[in-house]
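Residue-level structural notes
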Protein chains: 2
Amino acid sequence: MEKSPRNTKQRRTLAQVFAGADQPLSVEEAWVRVRRLQPRVALGTMYRNVRGLLEQGELAVVHFPGQAARYELEGKAHHHHFECRSCNQAFDLSGCTDKVRFKVPRSFKVHGHEIIVYGLCAKCAAKR
Amino acid sequence: MEKSPRNTKQRRTLAQVFAGADQPLSVEEAWVRVRRLQPRVALGTMYRNVRGLLEQGELAVVHFPGQAARYELEGKAHHHHFECRSCNQAFDLSGCTDKVRFKVPRSFKVHGHEIIVYGLCAKCAAKR
DNA sequence: TGCTAATTGCTAATCATTCTCGTTTAGCAG
DNA sequence: CTGCTAAACGAGAATGATTAGCAATTAGCA
Ligand SMILES: [Zn+2]
Ligand SMILES: [Zn+2]
Ligand SMILES: [Zn+2]
Ligand SMILES: [Zn+2]
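Note that the structure is predicted; figures quoted are calculated from it, not measured. (Residues numbered from 1 in each chain as written. Chains lettered and ligands numbered in written order. Predicted model: local features only at pLDDT ≥ 70, side-chain atom pairs only at ≥ 80, totals over all residues. Heavy atoms only, no water.)

**Comments concerning the protein's contact with DNA strand D**
- Residues in close proximity to DNA strand D total 19 residues, the closest being A:Y47, B:R6, B:Q10, B:R40 and B:T45.
- Among the atoms of DNA strand D lying within 4 Å of the protein, the sugar-phosphate backbone contributes 66%.
- Here a phosphate oxygen of DNA strand D sits 2.5 Å away from a polar atom, N or O, in the side chain of A:Y47.
- Note that a base nitrogen of DNA strand D is positioned 2.6 Å from one of the side-chain N or O atoms of B:R6.
- Listing elements by their share of the surface near DNA strand D, those giving two or more residues are helix 3 (43–55) of chain A together with helix 3 (43–55) of chain B.
- The residue makeup of the surface near DNA strand D, split by class, is six nonpolar, six polar and seven charged. (Near = heavy atom within 4 Å. Polar contact = N/O pair within 3.5 Å; in protein donor to acceptor, adjacent residues only side chain to side chain. Helix = DSSP H or I, 4+ residues; strand = E, 2+ residues; numbered from the N terminus. Nonpolar A, V, L, I, M, F, W, Y, C, P; charged D, E, K, R; others polar.)

**Topic: the protein's contact with DNA strand C**
- Near DNA strand C lie 19 residues; those nearest to it are A:R6, A:R40, A:T45, A:R48 and B:Y47.
- The contact atoms of DNA strand C, taken as those within 4 Å of the protein, divide so that sugar and phosphate hold 65%.
- Between A:T45 and DNA strand C, the recorded distance is 2.8 Å, taken from a side-chain N or O atom to a phosphate oxygen.
- A distance of 3.1 Å is found between a base oxygen of DNA strand C and a side-chain nitrogen or oxygen belonging to B:R6.
- Looking at the surface near DNA strand C, the elements that each hand over two or more residues are helix 3 of chain A together with helix 3 of chain B.
- Looking at the surface near DNA strand C, its residues break down into six nonpolar, six polar and seven charged.

**Considerations on helix 1 (residues 9–19) of chain B**
Residue and element names in this part refer to chain B.
- Among all positions in helix 1, only R11, T13, L14, V17 and F18 are buried. Taken down its axis, helix 1 places every buried residue within 160° of arc, on the same side. Across from the buried face of helix 1, at angles greater than 90 degrees, the exposed residues are K9 and A19. (Buried < 20%, exposed > 50% of the residue type's maximum accessible area, 1.4 Å probe, protein only. Arc of directions from axis to C-beta.)

This is the structure we're talking about:
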């Protein structure tokens, strides 16, 4: 009664690209890399497969305000991100304040949270 | 040499709507409320004026992963937001864990942070 | 080798947001 | 108060990211 996700060439290539990425990739960024290994892949297929891998828990989504969604391999420990406002790069921040309980009314049900720290990365901070 | 922003009726109404809002509003949500006070306002004008108020520092933007941007009056005390995953509404959470220090490398320059707590609001939590 | 449903490529359709352009109007000089 | 002009407006086209529809292709299995 389960689904039977097919092991297609394009899905394999996509997973391979994410496995070899050193930073979260947008769907189009991933598309560019996939096409280097296998031309003639449709962008729509990228979106479909990213969603598939996401649902299978193989990818995690990383959102940066005002930008297209990016994805990275799932499986890292709970962590958050730092966004450089100059070069726009994203960095992983290990750990979490754990105290993310806030004054959420008791009638609310908390599922999780997301934290983004903004600023300048080492390189960009040095330039000024 | 400065700009001369005109005090139009639609800009006034928009500011009034945000002043009376108890939660961050998307441009379309604001549009609905504006039209209750003044019909025949174009959506494009909403976007124009939101951007204007934003640039004048009268509004602040709040981003929710995968959703349209929301805006609220600038100048409130430091706070964060709760997003209901059922009805999609945004709620203000007062205060902050303050312990948001993380292990950001000392060479990085921190400007600020954003925290979003996900879950179900009181109403939606009750329905199940 | 053959069958069939999952997947693909392509295109059309959404959604949020911006842009264009002809018309209206706030703000100001006369 | 009257006119002028550039800012702002309304309507709708354009853009960029993402999703949906559909006929053709193909992975997985008998
Ligand atoms: Zn940087
Ligand atoms: Zn955390
Ligand atoms: Zn709710
Ligand atoms: Zn805070």
